[in-house]
Amino acid sequence: MIHHVGITVHDLAASTEFYRDLLRGSVEGPFERSGPRIDEVTGYPGVIVRQSFVSTGDGDTVVELLQYENGSPKRIDPDHGQAGAAHVAITVADLDATLERLRGRGVAAVSEPIVTSHPMAGCRAVYVLDPDRVRVELVQLPA
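What counts as what
Residues numbered from 1 in each chain as written. Predicted model: local features only at pLDDT ≥ 70, side-chain atom pairs only at ≥ 80, totals over all residues. Heavy atoms only, no water. Helix = DSSP H or I, 4+ residues; strand = E, 2+ residues; numbered from the N terminus. Buried < 20%, exposed > 50% of the residue type's maximum accessible area, 1.4 Å probe, protein only. Polar contact = N/O pair within 3.5 Å; in protein donor to acceptor, adjacent residues only side chain to side chain. Contact = heavy atoms within 4.5 Å. Core = buried A, V, L, I, M, F, W, Y, C linked by side-chain atoms within 4.5 Å.

## Re the side chain of Q51
Next, step 1: With respect to the secondary-structure elements, Q51 resides in strand β3 (residues 48-55).
Next, step 2: What makes Q51 buried here is its relative accessible area of 8%.
Next, step 3: At a separation of 2.7 Å, a polar atom in the side chain of Q51 contacts the side chain of R33.
Next, step 4: At 2.6 Å, the side chain of Q51 and the side chain of E64 are in polar contact.
Next, step 5: Once residues lying within four places of it in the same chain are set aside, the contact partners of Q51 are L12, G29, P30, F31, R33, E64, L65 and L66.

## Thoughts on the nonpolar core
Next, step 1: Grouped together as the largest cluster of nonpolar side chains are 22 residues, with contacts concentrated most on I7, Y19, L22, L65, V128, V136 and L138.
Next, step 2: Among the elements of the structure, α1 (12-23), β4 (62-69), β5 (88-91), α3 (95-104), β7 (124-129) and β8 (135-140) are those that each provide at least two residues to this core.
Next, step 3: Here this core gets five residues from one element, more than from any other, and that element is α1.
Next, step 4: Other than its neighbours up to four places away in sequence, V136 contacts F18, Y19, L22, V88, I90, V126, Y127, V128 and D130.

Structural data, given as structure tokens:
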């Protein structure tokens, strides 16, 4: 079972707002972590990690958002066509309403929704982009 999904972000406040709105959930944090234990676990001496957890109302989905200060200066391209890129898939009850709400907030969709084939036959899905252009797949299960 997956405990949570962690995403490193550029702007913790903007990403927290995006995921809170998407999940219609609650936020714990922000927290600030630093010191020898955090240096060791991250591999970045002198790092400061700002962290928030966004969870759905039922608590089944938790997204951990991390903003590193004094971490790596590199910024990856989250294009999912590149090896190593990842995406988060979130089940929504009404894909059209969720997409309309997000578009109203300026969130970009990669395409219009599609109907998926096996092994997710009959689902409707679309990718949207979070504030760091990480692909988030919205999935509506078949009726």
